[in-house]
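One-letter residues, chain by chain:
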Amino acid sequence: MKYLFFTLTCFFLPLHFFAQAVDSSAGAALLEKVPQEKIFVHYNSSLLFPGEYLYYKLYNLEKDTEEFSGVSKVAYVELISEDGNSIFKHKLLLKNGQAQGDFFIPTTVPSGNYKLLSYSNWMRNHDTYFAGDVAIVNPYRGDSSAILSTSEEIPSISPNPDSGKNSVKSENSPVKIILENDIFGRREKVTVDLKGVPGDYSLSVRKTDSISIPKKFTSEDFDLSFPAARQNIDSVFLPEARGNLISGRIVANTPEAARNLSGKKLAFSLPGEDYMLKIATTNKQGKFYLNLDEAYDTPEALMQILGDETENYEIKLDPLPQISNPDLKFADFKITPAMKDYILDRSVQVQIENAYYSVKPDTLKVITEKEPFYTQEPTVYNLDDYTRFPTIKETMVEIVMFAHLARSKDGSQFVINQTDGATNFYLPALLIVDGAMVQDHDLLINYPAKYVKSIKILRDNFFLGSHIFAGIVDVETIEGNFSETLNQDYIKRVAMKLPEAGKNYFKQSYATSSDNPLSRIPDLRTQLLWVPSVEIDSSEENMDFFTSDVPGTFEIHLEGFTNSGKPVSVKRTFTVQAEE
């Protein structure tokens, strides 16, 4: 019941309420009733080199109960340098309050101390965010002054406090990591038994560093300081409760148009085979919002104002949510001349591993195919099943039933022969070509019919948002690239921030047979395993991995939360022996 008020409030508030920020009076009810959120991020290492990956798993929790939050469906992860530059910013779609991602460290990122930030739009109301330390050593750039020790004395290299032999952290943890042995050989199979309380966890197996590195928070010791009073008193940032929230406004080009900002309809198209089509309506200030409640992988959207006033307005989008002036205290990680051999060895290992990446790549998880936004079954005309005609006009006359072309003062348009008893609103049909809404029907009518694959006709009136169309003409071309021909001034092309795609991370395996191709290439992995989603849904979970050719102490690190919201952080080390 705790989200019932939130759901009902969102339903009954006016449309303009869903802009990313509203005045405090409009959002006061939500601030009182909707739970606050906090985010914990488990990431694989706080020291990285170019060519390595920063892997992370995000947990979005309710502040008070620490149960997974159902408020926000979108969160953000960002890496910030000491001078305030953003190295990367990821948008993540939350599922059951969780998400995963990674970032490949390029050679363009300079050596330095960084902060890994994570937040939701809802958390911005309290200026709260997760902040973890990350140090980057880039030996390929000449200037490492940001982390180079200025001391005349070479400081001693102290060991990582978590790298003690066969250490087990949090012995009273609800989850235990069990190994049959503590010592393994190179390329040997390791079986891990996880026993304990059901929950959602993430697991990293990585070589421990022989130098002191920035400390990472665990799920047990991280905390966010929530101020007693809300910091942002002028406006309320709203939770992205139904998916990606896109907001903006229209700007008038003439004084007369400026007096008529309200009630304008905007069409938003994400073209492609699994296209997305939305219509928004502006409020008195010209503000609009769009909720993209499904995953998408199209990097560019098309936006246009409906009707004959398109030239009187421009479309301006709001920027992505961002933490304003975060108060960050960066770690003071330094390198010294004594670390020369360590840096050289690790750099060589990374370069060799990347040279063989093509034979052991990660793979993207396939986005589930979306159903068409119309639920009724259309009449489908696959043009290859008929005699081909050179023009769309002839095709409509000779092949397509229930639709025809009509002339008007503004040009030709498609007209649907609607079903008996349908209310005639004297409105045009909705024309969609390769997922893009097309207002000027002549653009398709003049398109060579030989490039068209199929035409679908829906005869009933169709409501999209607050707009009514007299049926639908849904066209698919052979190449699927019709949107590239839409270069009219009134169509705004919008670069979309793509949500991070889920991945299936490569898992090294050595078969017993000698013809395994992986057995003939070097294996210098220091990250042996990264599993962002470990669900212990019974009392036990088993997994295995193989060691590499790199000797030393390795750490198994499990983070996460039980089903009741209790944080879990447990570590276990083992040794990989060097060849004799």
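Fair warning: this is a prediction, and the values are worked out from it, not measured in the lab.

What counts and how
Residue numbers restart at each chain and count upward from 1, following the sequence in its written direction. It should be noted that, the model being predicted, local features are given only for residues of pLDDT at least 70 and side-chain atom pairs only at 80 or more, the latter also being counted only at that level, while totals for whole chains, interfaces and linings use all residues. By convention in this description, side-chain values take in all heavy atoms of the structure and omit both hydrogens and water. In this text, helices come from DSSP runs of H or I with a minimum length of four residues, and strands from runs of E with a minimum of two, each type numbered from the N-terminal end. Accessibility here uses a 1.4 Å probe with only protein chains present; expressed as a share of the type maximum, an area under 20% marks a residue as buried, one over 50% as exposed, and anything in between as partly exposed. Any pair of residues with heavy atoms lying within 4.5 Å of one another is described as a contacting pair. A 1.4 Å probe and the Shrake-Rupley method give the accessible areas. Residues count as covered only by the protein chains that appear here. Multiplying one less than the number of residues by 1.5 Å gives the expected span of a helix. In this context, the arc is that of the directions from the helix axis out to the C-beta atoms. Strands are treated as partners if at least two bridges between them are detected by DSSP. Predictor confidence is given residue by residue as pLDDT, running from a minimum of 0 to a maximum of 100. Nonpolar cores were defined as sets of buried Ala, Val, Leu, Ile, Met, Phe, Trp, Tyr and Cys residues, with membership established by side-chain atoms within 4.5 Å. Here the term patch refers to residues with relative accessible area over 30% and no salt bridge, with like charges joined within 9 Å and nonpolar side chains (Val, Leu, Ile, Met, Phe, Trp, Tyr) within 5 Å. Any carboxyl oxygen of Asp or Glu that lies within 4 Å of a side-chain nitrogen of Lys or Arg is treated as forming a salt bridge with it. A positive count includes Lys and Arg, and a negative count includes Asp and Glu. His and the chain ends are not counted in either. Lysine's charge is taken at NZ, arginine's at CZ, aspartate's at CG and glutamate's at CD. Two rings belonging to Phe, Tyr or Trp (six-membered ring only in the last case) form a pair when the distance between their centres is within 6.5 Å. Interplanar angles under 30 degrees mark stacking, angles over 60 mark edge-to-face geometry, and anything in between is tilted. As a reminder, the over-ring test applies to NZ of lysine and CZ of arginine, requiring each to be within 6 Å of the ring centre and within 35 degrees of the ring normal.

1. Overview of the overall build of the protein
- When helices and strands are tallied, the protein shows six helices and 37 strands.
- Evaluated residue by residue, the protein yields a buried proportion of 51% over its 580 residues.
- Intrachain contacts of the protein at a sequence separation of at least 6 include 76% that bridge at least 24 residues.
- Split by element, the accessible area of the protein, about 28100 Å² in all, is 49% carbon and sulfur.

2. Brief notes about unusual backbone geometry
- Even without a glycine there, the phi angle at Glu-66 is positive, about 60°.
- We note that Asp-434 has phi near 50°; this positive angle belongs to a residue other than glycine.
- Within the secondary structure layout, Asp-434 lies in the loop between strand 26 (430-433) and strand 27 (436-437).
- The class of Asp-434 is buried, set by a relative accessible area of 7%.

3. Side note on helix 4 (residues 340-355)
- The first and last C-alpha atoms of helix 4 sit 23 Å apart over 16 residues, in line with the 22 Å expected at 1.5 Å per residue.
- Those residues of helix 4 that fall on the buried side of the exposure criterion are Tyr-342, Ile-343, Arg-346, Ser-347, Val-350 and Glu-353. All buried residues of helix 4 lie within an arc of 130° about the axis, which places them on one face of the element. Of the exposed residues in helix 4, those oriented more than 90 degrees away from the buried face are Lys-340, Asp-341 and Ala-355.

4. Overview of the pairing of strand 31 (residues 472-477)
- Counting buried residues along strand 31, five of its six residues qualify, which places the element largely inside the surrounding structure.
- Sheet analysis places strand 26 next to strand 31, joined by four bridges and oriented parallel. Pairing of Leu-431 across the sheet is with Val-473, part of strand 31.

5. Section: the sheet that holds strand 31
- The mixed open sheet is built from five strands, whose spatial order is 23-28-31-26-27. Bordering the open sheet on either side are strand 23 (379-382) and strand 27, each of which pairs with just one other strand.
- Pairing between strand 28 (residues 452-458) and strand 31: six bridges, direction antiparallel. Note on strand 31: the bridge partner recorded for Val-452 is Thr-477.

6. Considering the confidence of the model for the protein
- Looking at the protein as a whole, its pLDDT mean stands at 86, while 86% of the residues score no less than 70.
- In the predicted structure, residues 1-19 sits below a pLDDT of 50 and forms 33 contacts with residues beyond four places in sequence or in another chain.
- Confidence over residues 152-169 falls short of pLDDT 50; this stretch has 37 contacts with residues more than four positions distant or in other chains.

7. Here's the deal with the nonpolar core
- Ranked by size, the top nonpolar core spans 28 residues in total, and within it Val-41, Tyr-43, Leu-58, Leu-116 and Val-134 carry the most contacts.
- When contributions to this core are tallied by element, the ones reaching two or more residues are strand 2 (37-43), strand 4 (53-62), strand 5 (74-81), strand 6 (86-93), strand 7 (98-104), strand 8 (112-119) and strand 9 (130-136).
- It is strand 4 that contributes the most residues to this core, five residues altogether.
- Core analysis: the second largest hydrophobic core is formed by 27 residues, Ile-416, Ala-429, Leu-444 and Ile-457 among them.

8. Digging into the sheet that holds strand 5
- Judged by pairing direction, the sheet is mixed, and its five strands sit side by side in the order 3-9-8-5-6 without closing on themselves. In this open sheet, the two strands that pair with only one neighbour each are strand 3 (47-48) and strand 6.
- Across seven bridges, the pairing between strand 8 and strand 9 is antiparallel. Within the sheet, the bridge partner assigned to Lys-115 lies in strand 9 and is Asp-133.

9. Notes on a negative patch on the surface
- A surface patch of negative charge is lined by Glu-273, Asp-274, Glu-294 and Asp-297.
- Along the polypeptide, Asp-274 turns up in the loop between strand 17 (265-270) and strand 18 (276-281).
- On the basis of relative accessible area, Asp-274 is assigned to the partly exposed category, the value being 32%.

10. Structural notes on the packing of aromatic side chains
- Under the criterion given, the structure shown has 26 aromatic pairs.
- Ring geometry for Phe-40 and Phe-561: centres 6.2 Å apart, planes at 80°, overall edge-to-face. Taken together, the residues span a long stretch of sequence, with Phe-40 in strand 2 and Phe-561 in strand 36 (residues 552-562) at a distance of 521 residues.
- Judged by relative accessible area, which is 1%, Phe-40 ranks as buried.
- A relative accessible area of 1% places Phe-561 in the buried class.
- Linked through ring pairs, Phe-40, Tyr-59, Phe-68, Phe-130, Phe-217, Phe-222 and Phe-561 together constitute an aromatic cluster.
- One residue, Lys-89, lies across the ring of Tyr-76, its end atom 5.6 Å from the ring centre.
- A cation over a ring is seen here: Arg-124 above Phe-237, with NZ or CZ 3.8 Å from the ring centre.

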